[in-house]
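# Structural overview
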Amino acid sequence: MEFQIIWFVLWGVLWSVYFMLDGFVMGSGMLHHILGKNDGERRVMINIIGPVWDGNEVWLITAGGATFAAFPTTYALMFSYLYTPLLLLLFALIVRGVSYEFRGKENGATWKKGWDLAIAVCNFLPALLFGVAFGNIFRGLPMDGAGYHGSLLYLLNPYGLLTGVLFVLLFVVHGALYATVKTTGELSARALGVANKVWPVLTVVAVAFLAYTYPATRLYDNFLQHPVFLVAPLLAVAALLGIRVLTAQQKPLAAFAASCITILMVVATGVIGLFPNLIPSNMGAEFSLTAFNSSSSLYTLKIMTVVAAIFVPIVIVYKIWVYRVFRAKLTIEDLVGNKHAY
Amino acid sequence: MDVLTLSRLQFAVTGMFHFIFVPLTLGISILVAYMETRYVLSGDETWLRMTKFWGKLFLINFALGVVTGITMEFQFGMNWAEYSRYVGDIFGAPLAIEATVAFFMESVFIGVWIFGWNKVSKRLHAISIWLVAIGTNVSALWILLANGWMQHPVGYVLRNGRAEMTDFLAVVTNPIGLIKFAHQLVSGYTVAAFFIMGISAYHLLKGNQPAFFKRSFRVGATFGVATAFLVLVTGDFHAVEVARNQPAKFAAMESVWETRQGLGMYLLLFPDAANQCNSVEALCVPKLVSILAYHDPESTIKGLKEYLPAERPPVLPVFLSFRAMAGLGTLFIGLSLLAFLMSRGDNIDRRRWFLRIMLYAIPLPYLANQFGWLVAEIGRQPWIVYGVMKTSDAVSKSIDMAQVVGSLVGFTLLYGFLGVVDIYLLAKYARKGPDEDVSAMIKPAGEV
């Protein structure tokens, strides 16, 4: 019982941290053309995430691996039910990764333009797909004892799409703030401008999402029963408002921190609302996949808990160290003649 | 064609493609780390230039290896949901551990290594590439323990309608998993050794930077002679484990139909699966199969006829892949031994015929790696988990033909395109050779 709850919490933490970290990669990628007006600026846009994107993506691999190890039934059904969206996600992530590596390896204009486009599209698609997928998970999937009754079109319902738009906008603001912090001069100012411009739209969508969640899902049930958990959505809203206050005060680093908290708390709100479900069924609660009916054996959960308790803190320590090593702002001058950069 | 066949084909396509890039990564990461360590210890700038040149090729190769690895993890759930549900209690653990323990380290420190040249000290920079190399190799350990469990399931009990882990220690000390790991590491190292020797040979033939490439060739040859020999040793132990734990696979590898004691090996042999015999059997080396199987010339080898036809692996592809792999492995010992002896003097650039052979030998260890996996995976059929679960019971129930056709076509086109681009870039940067101007290079910062 306790171990299933521990792994449910860890599952939520892994997803939250993944979105917080890959969120600014996706965001800066979506803004690749909007902020990067020329080749030099685009190189800056890629190189500000260069040292960290790969490590950030591993949180997704770990979230997938943890789902497999701790909740194998959920892993099996979630991945096979969402076959086509996951496939698109995979293609996008594959192309995104090689785009960063390949773009600078040739000098032709067409070559660079092609990979620039790939960077923008393959950062946008995962943001949207993750949003649509999580929106539908919040809402519940049409599954019963006979299997899955949905399709790709089924997932494109208004609530799923709204969540998709929410994720895209969250990451755009997040990425714009990251670029503001990590670049200098005109590029940084432009990024801050984008963050400020998109922020009101994000706020409207976030309010709509919170309101629509009430009729569309059962996420609020847990909060009504245990109001103490309301701290998560309240923090999400406070941090979201904080972003704008802090950018107005010319404190982009603090605004980026607020954006991190916003994303962490939005995902936390969803996950708390889901508990004990990992994937609820909207065809009857008895068909929902929960932390209790889809988990591994106690023995496996215990082993995995020991592994996580030892290694996750180590990972966090060296990741923080790496962010410190690369804390400096990046300029075009840094990249001229640097054959190691992207 | 059905969902099962297409899903198997897709797993084969994506797995084999992933495995074009992994073996080189396993070995070249270590060699680049070695070169950089030599630079840090000696200050000799040729070692620095070697680190940068071979490091660049390493990175171009590394990128595709990483991104195609995600597909492997996702596919278990997407196409093999019944498998994942049935054995996830055991099989998920090594995958999750791999991500947490190894993949994080590899992915985080590769960033430090690429972008950290003038941000961290010399020593920390060299440590970063060592952490990448260790991460990559430890990653292989967990993946092969997972695969080893499919080959030889241990430490579990069938309970609650699935396989549940009862003994983690048994899973991580699975002899098949561990010997597979050892065999795979040295096979990957051999790919890297031949890669470095082959590209060095190309430049030596052209007369480009002879000092640089002679030294590179020597590094490759020294490493290669050790690893090619270890491939044979680990392969021998591996065969013994297979004979003991997967006798049907072993029988298919050697195309043995009748159970025999003190079985010899026919150097010329061709299986005839339809008639359950061999159509060609000539040039017998007495007792050799028995010796290979159990290190005992009088041991008894179980023939394929002992198994129901439905429980035998396809004999022809397993047999041919095994022979091809073993033949290539033997060739590598000879080539790397010659390379080692010749590279000890200073006149390797005058042995043009040999350099030409080494240039064209670059793809061979890659092929041997692929053949090895064909033996391992086709030889396990019809089981997905040997003796526990059939492959035909493992496929997802909720996916349909259109989805799998779509994904298979998508993967083939995307991977085909990316593969061409990657190999083009590898060839381009390999041909270009190292930068000669050391003064313009970014060097590691002083002690921080």
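Residues numbered from 1 in each chain as written. Chains lettered and ligands numbered in written order. Predicted model: local features only at pLDDT ≥ 70, side-chain atom pairs only at ≥ 80, totals over all residues. Heavy atoms only, no water.

### Notes on the interface of chain A and chain B
- The interface is formed by 65 residues belonging to chain A together with 74 residues belonging to chain B.
- In this assembly, chain A packs against chain B so that about 6100 Å² is buried in total across both faces, 75% of it on carbon and sulfur atoms.
- Of all residues in chain A, F68(A), Y83(A) and H340(A) bury the most surface against chain B, accounting for 13% of the area lost on that side.
- Our count for the chain A to chain B interface comes out at 18 residue pairs in polar contact (both at pLDDT 80 or more).
- Taken together, the elements giving at least two residues each to the side of chain A that touches chain B come down to α4 (53-70), α5 (72-81), α6 (83-103), α7 (109-139) and α14 (298-325) of chain A.
- Here the element with the most residues in the side of chain A that touches chain B is α6(A); it accounts for 14 residues. (Contact = heavy atoms within 4.5 Å. Buried area = accessible area lost by both parts, 1.4 Å probe. Polar contact = N/O pair within 3.5 Å; in protein donor to acceptor, adjacent residues only side chain to side chain. Helix = DSSP H or I, 4+ residues; strand = E, 2+ residues; numbered from the N terminus.)

### Focus: the nonpolar core
- Counting residues in hydrophobic clusters, the biggest one holds 259 residues, and the most contacted among them are W15(A), F19(A), F130(A), W54(B), Y83(B), F195(B) and F217(B).
- Counting residues per element, this core draws most heavily on helix α3 (residues 81-115) of chain B, which supplies 21 residues.
- For this core, the two domains that each supply at least three residues are domain 1 (24-173 + 403-432) and domain 2 (184-395) of chain B.
- If we skip the residues at most four places from it in the chain, W54(B) touches I28(B), V32(B), M35(B), F195(B), I196(B), I199(B), S200(B), F212(B), F213(B) and S216(B).
- Core analysis: the second largest hydrophobic core is formed by 20 residues, A239(B), L263(B), A293(B) and I301(B) among them. (Core = buried A, V, L, I, M, F, W, Y, C linked by side-chain atoms within 4.5 Å. Buried < 20%, exposed > 50% of the residue type's maximum accessible area, 1.4 Å probe, protein only. Domains from an automatic or database assignment.)

### Considering the pattern of salt bridges
- Within this structure, the stated rule accounts for 24 salt bridges over all chains.
- E106(A) is paired through a salt bridge with K428(B); the nearest N and O atoms lie 2.6 Å apart. Linking E106(A) in the loop between α6 and α7 with K428(B) in helix α13 (residues 401-432), this pair reaches from one chain into another.
- Among the salt bridges present, the one from E377(B) reaches R380(B), with a minimum N-O distance of 3.0 Å.
- The exposure class assigned to E377(B) is partly exposed, which follows from its relative accessible area of 23%.
- One network of salt bridges, with partners in common, ties together D39(A), R42(A), R103(A), K112(A) and D116(A). (Salt bridge = Lys/Arg side-chain N within 4 Å of Asp/Glu carboxyl O.)

### Description of a nonpolar patch on the surface
Residues and elements named next belong to chain B.
- There is a patch of nonpolar side chains on the surface, built from L267, L268, F270, V280, L283, V285, L316 and L320 and spanning about 660 Å² of accessible area.
- Only β4 (265-272), β5 (277-285) and α10 (315-344) provide two or more residues apiece to the nonpolar patch.
- Inspection of the secondary structure puts F270 in strand β4.
- Owing to a relative accessible area of 37%, F270 belongs among the partly exposed residues under this scheme. (Patch = residues over 30% accessible without salt bridge, like charges linked within 9 Å, V, L, I, M, F, W, Y side chains within 5 Å. Areas by Shrake-Rupley, 256 points an atom, 1.4 Å probe, with all protein chains shown as cover.)

### Some thoughts on the side chain of R96(A)
- In this structure, R96(A) sits in helix α6.
- If sequence neighbours within four positions are ignored, R96(A) has contacts with D22(A), V25(A), M26(A), W53(A), E57(A), C122(A) and N123(A).

### Concerning the pairing of strand β2 (residues 162-165) of chain B
Residues and elements named next belong to chain B.
- Of the two faces of β2, both are covered, the one formed by R162 and E164 as well as the one formed by A163 and M165.
- Bridge analysis of strand β1 (residues 156-159) against β2 gives four bridges, and the strand direction is antiparallel. Looking at the pairing, L158 lines up with A163 of β2.
- Following β1, the chain reverses through two residues before pairing antiparallel with β2; N160 in that reversal takes a positive phi of roughly 50°. (Pairing = 2+ DSSP bridges.)

### Here we look at the domain arrangement of chain B
Residue and element names in this part refer to chain B.
- On domain assignment, one finds that chain B holds domain 1 (24-173 + 403-432) and domain 2 (184-395).
- The interface is formed by 38 residues belonging to domain 1 together with 36 residues belonging to domain 2.
- For the pairing of domain 1 and domain 2, the buried interface totals around 3200 Å² over both sides, and the portion due to carbon and sulfur atoms is 73%.
- Summed over the three residues of domain 1 that lose the most area to domain 2, namely L24, W54 and Q151, the buried surface amounts to 20% of that side.
- Taken together, domain 1 and domain 2 are joined by one salt bridge.
- Of all elements in the fold, only α1 (3-42), α2 (45-79), α3, α4 (122-151), β1 and α13 reach the threshold of two or more residues within the side of domain 1 that touches domain 2.
- Residues that form the side of domain 1 that touches domain 2 fall into these classes: 26 nonpolar, seven polar and five charged. (Nonpolar A, V, L, I, M, F, W, Y, C, P; charged D, E, K, R; others polar.)

### Looking at the packing of aromatic side chains
All names here are of chain A.
- Overall, the coordinates contain 59 aromatic pairs over all chains when judged by the stated rule.
- Pairing W15 with F134 gives two aromatic rings, centres 5.2 Å apart and planes at 75°, and the pair type is edge-to-face. With W15 in helix α1 (residues 2-30) and F134 in helix α7, the pair connects residues that are 119 residues apart, well separated along the chain.
- Residue classification places F134 among the buried positions, given a relative accessible area of 5%. (Phe/Tyr/Trp six-rings, centres within 6.5 Å; stacked < 30°, edge-to-face > 60°.)

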